[in-house]
Amino acid sequence: MKGSWRAGAAVRHRIASYVCPQLQIQSAPSPTRWRRHIATSRSARQQILSETSAPWRESAAKMQVFEESVMIGPELLTFETGKLAQFAAGAVVCGAGETKVLVTVVSDERLDAGRDFMPLQVEYREKSYAQGKIPNTFMRREGAPKERELLCGRVIDRSIRPLFPKGYYFETQIMANVLCSDGEQDPDILAANAASAALALSDVPWNGPIGVVRIGRVDGKFVVNPDMDTLSGSDLNLIYSCTAERSLMIETQAREITNKDFTAALKLAHSEASKLIEPQRRLAAKVGNRKRPVQVVKVDVPVLEKIRGLSEEHIKAVVNNPTLGKFERGKALGKAMENVQDILKKENDEAALSRFSLGFDTVKKQIVRENVFQKNIRVDGRSLTDVRDLYCEAGIYPALHGSSLFSRGNTQVLCTVTLGAPEDAQKLDSIVGPPKKRFMVHYSFPPFSVNEVGKVGGLNRREVGHGTLAEKALVALLPPEDENFPYSVRVNSEVMASDGSSSMATVCGGSLALMDAGIPLKSHVAGISVGLMTNVDAETGEIKNYKILTDILGLEDHLGDMDFKIAGTKKGVTAIQLDIKLPGVPLHILCEALEPAYVARKKILDLMEKEISKPRDTQRQDTPRRGTIVIQRESIGRLIGPSGSNIRHLQSVSGARLTVGEDGNVHIISRSEKSFKVAKSMVCMLRILVFLLIFVLQIEALVGREIIVGETYTGTVSAIKDFGAFIDFDGGQQGLLHISEISHEPVTAIADVLSVGQQITVLCTGRDFRGNLKFSRKAVINKANAEATTTIPVLAKVTQAITQAKKSSQTFDLTAERITAVLTAGKTQLQQSGVEKRQSEDSPSMSEEKKISSKASPKKLAKPGAEKQEKEKTKKDEPKILMVMKVLHGGSSKKTASDAGAEKQEKEQTKRRQKQKVDGAGHEQKHEKACTEKQTTAEIGAIYHVTIEQIRKSGVAVKMETGASGVLKTGKGASTSDYSVGDKLKVKCVSIAPKGRPSFELTKLVL
């Protein structure tokens, strides 16, 4: 026991040391001393908690909840804390209506040595339970963050990052989780405000709070925080975040809004967002959390001065040389940095070496700013408003649907356009917003564009953000989605080289590529990035002086204070994105920056219009083609086919995409002109064949037919069960073949007789009480000498005809005269066949016995001989199909090999029919005589005279007058002893075995 107590005491000692390190316990205490330590640690812990913790964190069971609310526009926004996530440094639920978002804040208290940046991580998630759904994934769980979640996280990140103290490099994580959504409010604004409130009431050093609002415009009137229905009809979507005095972040999508109107929207947004700041301050005051001491990484003044003295001349020599390019400048600065670092290493100056990277960057930043403020000269020698050299080329790769190359200085972007069918639109699984989007811009920033080796793959937040910005800029100029423009459009932007503002180069290159693809854009769209350099008072933080820079370089973006991306046309702005490094920029500076951006944008647009001023009218051979064919609504299902088999066949043969609308419009979109012609011809052929169903052919393979009780049909076994087999028929119909109706012989295992995919002929016997069709196979087997019905594989014939048309360079012209010719030809041929049929039926030499025999000819489709017979009969219909094809081809006088063969076959058939008319009587008499002399089989239901040959235990063997043998079934209560060999009986044929042996029932005993 003592040993176990000692071991437990040691564990408890370590726990007490962790809970209250101020006690500084040196060794594990005895039991008596342990109780005193416990009392001491408990009192010490309570004292520490009372000094450092907020009242609402003293006990999780107390559930102290604090709330604040404010009216913003038409909605009441509420802030709540204390109920959820009490272990987080800050947790706030922000709500509007029934939409609630929880945001938590946690910041590490340990600082990794050598870190010179702030690792801020913002995660925004929209889980399916928030809208009452289960994820439609294999695991039924949410997977990786979607694009919308990444974009909302970026909005929060860009709003709060500038307000962290300079040099605060502790790892910080902010998580936003949508708890519930009513679908009326976009949760992104609530998440951004909740993040501000959570940071404000936490112990994390942060110079907030901030306010975030959305501004829309409907019918020329601005709307604050519009709901989703209102936003869908708005020509402005502005997200604005600010402190009480300064702007922090702007994200805008618009439809050519003027600078004047946009300035008015910014002012309204600032006034409304400022209302959200005071409620957050009141909420933080109620919680009463103390901020942790600010521990920032900075360079001491003596160290900074020493680094300046060693590196200033080297840096000036590089930044004052405008002939250097990006990499030459970078290599020169890197060499200067290595030289200074080597000097510090020789002097063993550890203090300077530990902060050398930060100090060297500070000196470089100050020298670049001095040139801008004192000389109005930038590192590449341009003035503050100059735009770098421009180059653009449209149609650089003619094989693509659309392509372009755009360069601004050293920044180079290759853009391509791909057109697709409406089904190619991206499906969006978001809580709010449209279910899909047809226009996509995908931005790629490969490592080689900056001469680096890096990891490739996966969604990159920066790439998603830049691509979405370009997408917002271009989508406003696209034509509306209607019959005139049903395409889905994808723009790919491949950054070939980057030296600043590659996202705005994507806008310019994307506009050129869209024009090259022939997409009817209203006008060109261009973008430019505007920078800012400020001179800030170190004590008050006020901006004493500032300079606005047009078309900033990558170095100026790194050393500057703002990246203000503005895209639009000559009429107005279509997209804006603002990122800053200062703790806010006065609103008047942003409004001032709009004008130089407009001037630079016009210069770029003029150059783009010289390259290509309007969408291309002439389409290339490999560019997509589209067309619409109208069919009857009743024929939609027949065109699609069972489980889409027909339309899939059309698409696989032609390579085109077909979309069938509910109104009967069949939209064809193909990637080339050749593919389009093949698809259109096939669809037109199918439409004609359906229309000629009553005149020319039975098109069961395409449209099916109404199943009538008592008729025989050919179907395919689709499934086998213990009780029977399901048979599928053309036209999407299905019925049950019961196990008792498969064969006259007992069937123990259906799989021994039938197999899935097998084609069989069955007789429709009726419907069950649910209306489902019932079929019988043994009834068809019993039909001796029945006429065979043949299903013509229409799709195969159409495909063959299309191939012949392609080889002969012919197309199908569907004019009214051509359709009339087809109908007339089909009707004439059908009338001729009808006359022949009536002549054959009315022939006086044909006896009634012959008629019955011809109607009862046996057919077994499962046998190879029956398949051969079916193929031979199908060949008889080929001249009809070829005749239709010929008319559809345009009645060309030029005969193909197929046409010659069809005419030859038609002539041979005509000769055979004439010969049959002359010799028909003789053939019928011979056939009747042969049937009378010896009948080797029986007919079900017919009466015969038989003689008993042998009496067995299992039955009575009888012999017919024709010499054929059969079996007599004894009825209930009867016995074989009632019969004698040689008795003559009058019997009725009730069934025929698969081998042709008949079975009889007694009708009368002949004495």
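Cut-off values and rules
Residues numbered from 1 in each chain as written. Predicted model: local features only at pLDDT ≥ 70, side-chain atom pairs only at ≥ 80, totals over all residues. Heavy atoms only, no water. Helix = DSSP H or I, 4+ residues; strand = E, 2+ residues; numbered from the N terminus. Contact = heavy atoms within 4.5 Å. Areas by Shrake-Rupley, 256 points an atom, 1.4 Å probe, with all protein chains shown as cover. Pairing = 2+ DSSP bridges. Axes fitted to C-alpha atoms, helices over the stretch in contact; angles between N-to-C directions. Buried < 20%, exposed > 50% of the residue type's maximum accessible area, 1.4 Å probe, protein only. Parallel < 35°, antiparallel > 145°, perpendicular 65-115°, else oblique. Left-handed = near helix turned anticlockwise from the far one by under 90°. Nonpolar A, V, L, I, M, F, W, Y, C, P; charged D, E, K, R; others polar. Arc of directions from axis to C-beta. Core = buried A, V, L, I, M, F, W, Y, C linked by side-chain atoms within 4.5 Å. Patch = residues over 30% accessible without salt bridge, like charges linked within 9 Å, V, L, I, M, F, W, Y side chains within 5 Å. Salt bridge = Lys/Arg side-chain N within 4 Å of Asp/Glu carboxyl O. Lys, Arg positive; Asp, Glu negative; His and termini not counted. Charge placed at Lys NZ, Arg CZ, Asp CG, Glu CD. pLDDT = per-residue confidence, 0-100.

Asker: Which residues make up the overall build of the chain, and what values go with them?
Answerer: Of the regular secondary structure elements, the chain holds 25 helices and 36 strands. Taking contacts inside the chain between residues at least 6 apart in sequence as the whole, the part at least 24 apart equals 69%. As displayed, the chain offers around 51,000 Å² of accessible surface, 51% of which is attributable to carbon and sulfur atoms.

Asker: Tell me about the sheet that holds strand β26 (residues 724-729), residues and numbers included.
Answerer: Spatially, β25-β26-β27-β29-β28 is the arrangement adopted by the five strands of the closed barrel, whose pairing is mixed. Across the sheet, the mean angle separating the axes of adjacent strands is 55° when strand polarity is ignored.

Asker: Can you tell me about the pairing of strand β29 (residues 773-776), naming the residues and giving the values?
Answerer: In the sheet, strand β27 (residues 733-738) pairs with β29 via three bridges, with the strands oriented parallel. For leucine 736, the partnering residue across the bridge sits in β29 and is lysine 774. Taken together, the four bridges between strand β28 (residues 759-767) and β29 define a ladder with antiparallel strand orientation. When the sheet's bridge partners are listed, leucine 763 is paired in β29 with serine 776. Hairpin connection from β28 to β29: five residues lie between these consecutive antiparallel strands, with glycine 771 at a positive phi of about 90°.

Asker: Tell me about the pairing of strand β3 (residues 90-96), residues and numbers included.
Answerer: β3 sits mainly inside the fold: seven of its seven residues count as buried. Taking every second residue as pointing to the same face, both faces of β3 are buried, with Gly90, Val92, Cys94 and Ala96 on one and Ala91, Val93 and Gly95 on the other. By the bridge criterion, four bridges tie strand β2 (residues 75-81) to β3 in an arrangement that is antiparallel. Across the sheet, the residue bridging to glutamate 80 is valine 93, located in β3. Note that β3 and strand β4 (residues 99-107) share seven bridges and pair antiparallel. If you follow valine 92 over to β4, its bridge partner there is valine 103.

Asker: Provide a residue-level description of the packing of helix α3 (residues 147-160) against helix α4 (residues 187-201), including the pertinent values.
Answerer: Between α3 and α4, the shortest axis-to-axis distance is 10 Å and the interhelical angle comes to 40°. Classified by the interaxial angle, the pair formed by α3 and α4 is oblique. As for the relative orientation of α3 and α4, their crossing is right-handed in sense. Contacts between α3 and α4 involve Arg148, Cys152, Ile156 and Ile160 from the first element and Pro187, Asp188, Ala191, Ala192, Ala195 and Leu199 from the second. Grouping the amino acids of the contact of α3 with α4 by side-chain chemistry returns eight nonpolar, no polar and two charged.

Asker: Give a detailed account of the sheet that holds strand β11 (residues 390-394), specifying residues and quantitative values.
Answerer: Read across the sheet, five strands follow the order β11-β12-β13-β17-β16 without closing on themselves; strand pairing throughout is mixed. A strand with exactly one partner marks an edge of an open sheet, and here the two such strands are β11 and β16 (439-444). Ignoring strand direction, the axes of neighbouring strands in this sheet form an average angle of 15°. Two strands pair when backbone bridges link them, and β16 and strand β17 (residues 488-497) are joined in this way by six bridges, in the parallel orientation. Following the sheet pairing, valine 441 is matched in β17 by valine 491. Across the face of the sheet, helix α13 (residues 502-516) comes into contact with β11, β12 (402-408), β13 (411-420), β16 and β17 while running at roughly 145° to β12.

Asker: Before we move on, could you go through the packing of helix α6 (residues 259-273) against helix α15 (residues 587-611) and cite the residues and values that matter?
Answerer: Two numbers describe how α6 lies on α15: the axes approach to 11 Å, and their chain directions differ by 160°. As judged from the angle between their axes, α6 and α15 are roughly antiparallel. Viewed along their axes, α6 and α15 form a crossing whose handedness is right-handed. Where α6 abuts α15, its residues Asn259, Phe262, Thr263, Leu266, Lys267 and His270 lie against Leu587, Cys591, Leu594, Glu595 and Tyr598.

Asker: Which residues make up helix α17 (residues 645-654), and what values go with them?
Answerer: It helps to recall that an α-helix has 3.6 residues per turn; residues three or four apart then point in one direction. All of the buried residues along α17 are Asn646, Ile647, Leu650 and Ser654. Down the axis of α17, the buried set is contained in an arc of 95°. They therefore lie on one face. Immediately downstream of α17, the backbone of glycine 655 shows phi near 80°, a positive value.

Asker: How would you sum up the nonpolar core? Please name residues and give values.
Answerer: The biggest cluster of nonpolar side chains holds 135 residues, and the ones touching the most others in it are Ile160, Leu238, Val489, Leu514 and Phe564. At 11 residues, the largest contribution of residues to this core is made by α15. The contact partners of phenylalanine 564, leaving out residues within four places of it in the chain, are Ile528, Ser529, Val530, Ile576, Gln577, Leu578, Leu590, Ala593 and Leu594.

Asker: Please give an account of a negative patch on the surface that cites residues and values.
Answerer: Among the surface-exposed residues, Glu98, Asp182, Glu184 and Asp229 lie close enough to one another that they form a single negatively charged patch. One can find aspartate 229 in helix α5 (residues 228-232).

Asker: Provide a residue-level description of the confidence of the model for the chain, including the pertinent values.
Answerer: Residues of the chain with pLDDT of at least 70 account for 74%, and the chain-wide mean is 78. Considering only residues more than four positions removed or in separate chains, one finds that residues 693-703, a stretch of pLDDT under 50, has 40 contacts. Contacts from residues 805-820, a stretch scored under 50 in pLDDT, to residues over four places away or in other chains number 26 contacts.

Asker: An account of unusual backbone geometry is requested, with residue identities and associated values reported.
Answerer: Omega for the peptide link from glycine 208 to proline 209 comes to 5°, which places this bond in the cis form. Mapped onto the secondary structure, proline 209 falls in the loop between α4 and β7 (211-218). The backbone phi angle of aspartate 219 is positive, close to 55°, even though this residue is not glycine. Along the polypeptide, aspartate 219 turns up in the loop between β7 and β8 (221-224). Since its relative accessible area comes to 77%, aspartate 219 is described here as exposed. Of note in the backbone geometry, serine 501 takes a positive phi value of approximately 60° without being a glycine. Summarising the element assignment, serine 501 is placed in the loop between β17 and α13. You can call serine 501 buried: its relative accessible area is 13%.

Asker: I'd like a rundown of the environment of proline 187, residues and numbers included.
Answerer: Among the secondary structure elements, proline 187 is positioned in helix α4. Between the alpha carbons of proline 187 and glycine 95 there is a distance of 8.6 Å; along the sequence they are 92 residues apart. Among all residues touching proline 187, those that are not within four sequence positions of it are Thr99, Val101, Tyr124, Glu126, Arg148, Val178 and Val432.

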